[in-house]
Amino acid sequence: MTYTPPSQTTPSDVDVLIVGAGISGIGMASHLRAHRPGTSFAILEGRDSLGGTWDLFRYPGIRSDSDMPTFGFGFKPWAHRKSIADGHLILDYLRQTVTDHGLAPHMRFGHRVVSAEFSSAKGRWTVMAQQPGSRKKVRFTARFLFLGTGMYDHDAGFTPRFAGVEDFAGTVIHPQHWPEDLDYTGKRVVVIGSGATAVTLVPSMARTAGHVTMLQRSPSYVFSVPAHDAVAHALRRLLGRERAHRIIRRKNIMVTRGVYKACRRMPKLMRRLLIANVRRQLPRHFDVGTHFTPYYAPWDQRLCVVPDGDLFKAISAGRASVVTDHIDRFTGTGIRLTSGQELTADVVVTATGLTMSPFGKIRLSVDGRETRPSDTVAYKAMMLSGVPNLVFALGYTNLSWTLKVDLVCEHFCRLLDHMDAHGYGTVEAVLDDPAVERVPYLDLSSNYVLRGIGQFPRAGTSGPWTVEMAYEKDVERLRKGPVEDSVLRFTAGGPVLSEPRPEVAR
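Lay out the sheet that holds strand 16 (residues 347–350) in plain terms, naming residues and giving numbers.
Taken in spatial order, the 5 strands line up as 7-16-8-9-12 in an open sheet, and their pairing is parallel. Looking at which strands have only one partner, the edges of the open sheet turn out to be strand 7 (171–173) and strand 12 (320–324). The sheet shows a mean angle of 20° between the axes of neighbouring strands, taken without regard to direction. Pairing geometry for strand 9 (residues 211–216) and strand 12, over 5 bridges, is parallel. Opposite methionine 214, over in strand 12, you have valine 322 as the bridge partner.

Give me the lowdown on the packing of aromatic side chains, citing residues and values where you can.
The full count for this structure, using the stated rule, is 21 aromatic pairs. Between the aromatic rings of tyrosine 396 and tyrosine 471, the centroid separation amounts to 6.5 Å while the plane-to-plane angle is 75°, which identifies the pairing as edge-to-face. With tyrosine 396 in the loop between strand 21 (390–392) and helix 11 (401–422) and tyrosine 471 in helix 13 (residues 471–480), the pair connects residues that are 75 residues apart, well separated along the chain. Taken as a pair, tyrosine 396 and tyrosine 471 share a single burial class, namely buried. By way of ring pairs, the aromatic residues Phe73, Phe75, Trp78 and Tyr93 are connected into one cluster. Lying over the aromatic face of phenylalanine 158, arginine 451 brings its terminal NZ or CZ to 3.5 Å of the ring centre.

Could you give me a rundown of the sheet that holds strand 15 (residues 342–344), with the residues and numbers involved?
Pairing between the strands of a sheet comes from backbone hydrogen bonds, and it takes one of two forms, parallel or antiparallel. The strand order across the open sheet built from 3 strands is 13-14-15, with neighbouring strands paired in antiparallel fashion. Both outer strands of the open sheet, strand 13 (327–330) and strand 15, are each paired with one neighbouring strand and no more. The mean angle between the axes of side-by-side strands here comes to 20°, regardless of whether they run parallel or antiparallel. As paired strands, strand 14 (residues 334–337) and strand 15 are joined by 3 bridges and run antiparallel to one another. Residue pairing in the sheet places glycine 334 in a bridge with threonine 344 of strand 15.

Explain a nonpolar patch on the surface residue by residue, including any values.
Together, Met266, Leu269 and Leu273 make up an exposed nonpolar region whose accessible area comes to about 250 Å². As for its placement among the helices and strands, leucine 269 is situated in helix 8 (residues 267–280).

Which residues make up the side chain of serine 64, and what are the values?
Within the secondary structure layout, serine 64 lies in the loop between helix 2 (53–56) and helix 3 (68–71). Note on serine 64: relative accessible area 1%, which makes it buried. Of the polar contacts made by the side chain of serine 64, one reaches the backbone oxygen of serine 66; its length is 3.0 Å. In this structure serine 64 touches Trp54, Ser83, Ile84, Ala85 and Ile90, once residues within four positions along its chain are discounted.

About the thresholds
- Residues numbered from 1 in each chain as written.
- Predicted model: local features only at pLDDT ≥ 70, side-chain atom pairs only at ≥ 80, totals over all residues.
- Heavy atoms only, no water.
- Pairing = 2+ DSSP bridges.
- Helix = DSSP H or I, 4+ residues; strand = E, 2+ residues; numbered from the N terminus.
- Axes fitted to C-alpha atoms, helices over the stretch in contact; angles between N-to-C directions.
- Phe/Tyr/Trp six-rings, centres within 6.5 Å; stacked < 30°, edge-to-face > 60°.
- Buried < 20%, exposed > 50% of the residue type's maximum accessible area, 1.4 Å probe, protein only.
- Lys NZ or Arg CZ within 6 Å of the ring centre and 35° of its normal.
- Patch = residues over 30% accessible without salt bridge, like charges linked within 9 Å, V, L, I, M, F, W, Y side chains within 5 Å.
- Areas by Shrake-Rupley, 256 points an atom, 1.4 Å probe, with all protein chains shown as cover.
- Salt bridge = Lys/Arg side-chain N within 4 Å of Asp/Glu carboxyl O.
- Polar contact = N/O pair within 3.5 Å; in protein donor to acceptor, adjacent residues only side chain to side chain.
- Contact = heavy atoms within 4.5 Å.

Listed below in structure tokens is the structure:
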């Protein structure tokens, strides 16, 4: 299903301009339709279709690495039996959400936002977007800007420089740029990497490839979970989809948070349990100590989820293998390792990571002064210090991304209600407390984070400036906590975004 609404039906001046038609942008638009029906909005998407990550990535086996009852929206129950779902099922879910909420007429595809400038005098954003193959820019204006652009650069993944790669006679590809016509049937494949993408690719490709080798510099924690949640299925049959949805979400949040907290509080015990779980699923002779025993503590980096232990089944069946070593150079027929071993390959997949990029590389400015994200501090992990009328959504790294997106969208709607009720035109978070220290937005040791987090907003060490990767704390802060805050500066003037609802006026 492809949405191509006529562009002239989408206004160029709106109350809220949403950038990105992925899971965050679709979530925000759905919240506005449900809770702010009088608020005008438009969604700008640089690609030619909706879905964001789930439309961009086409590599074999692409799937969620979070359970879908929590990765899906709180307002739309996940109905499929699969709890760890294939990418095409997630894309269908997003498309159905767009249909359910009538969002298609609000979307403009092929509009990549390149700059956004806020004018304090006008209380509005001026946003410039560029269409593919054209130098001409399209202008939009809005009172609020919502950035649902995700964390990663959609143009290019990360591939290190490999000596001799030009000598290799086979095919080298990055998962982010998977060719539609690639046929690896019966071929020897080497997947470089040990993260979530690699552990997804290996068992999927091993079904038809001659053999697949996962080549890693160092191992990651790999955690097997059921692809189908039997408890969730039973609850749906017993209670119905809507009632069961609330219970399943609470259950899954508690389990995931429990595992995370146990890893942080009892790292040695959890390390033993995680590795024992791997050992149980592999042949007795397999060298788990070398290939599946990381040097770091659990959750210093994300755990890699494998549904139904599919990676371990592929290894046990002899269709896949793991090599832990360093690359010396590519050769004409494969890869030579520093140990002297050579891996023969027809296809090499560089699952070597993504490139982090804040806010879709949009150039932000306020009153003619450029604002770099790294110079700002995140307020409640949803606004930027010194930047009026801007909200962003960056999800959790230790829990389903969408849980945080839902909370941010809820709080944004409450913020708009508050501004309507009091006649405010602008709101800005101001950090003027010298006691608040600045720290990285994410506290993970993964290489992709270490490479890119310096470009992102900073977090603070206290108050509303902290970035909490804790759902229960964000529920208190974003869903239950007050909108008004001593660090928020509201300015009167300008039209309200919609007529205040009776309960807000009261």
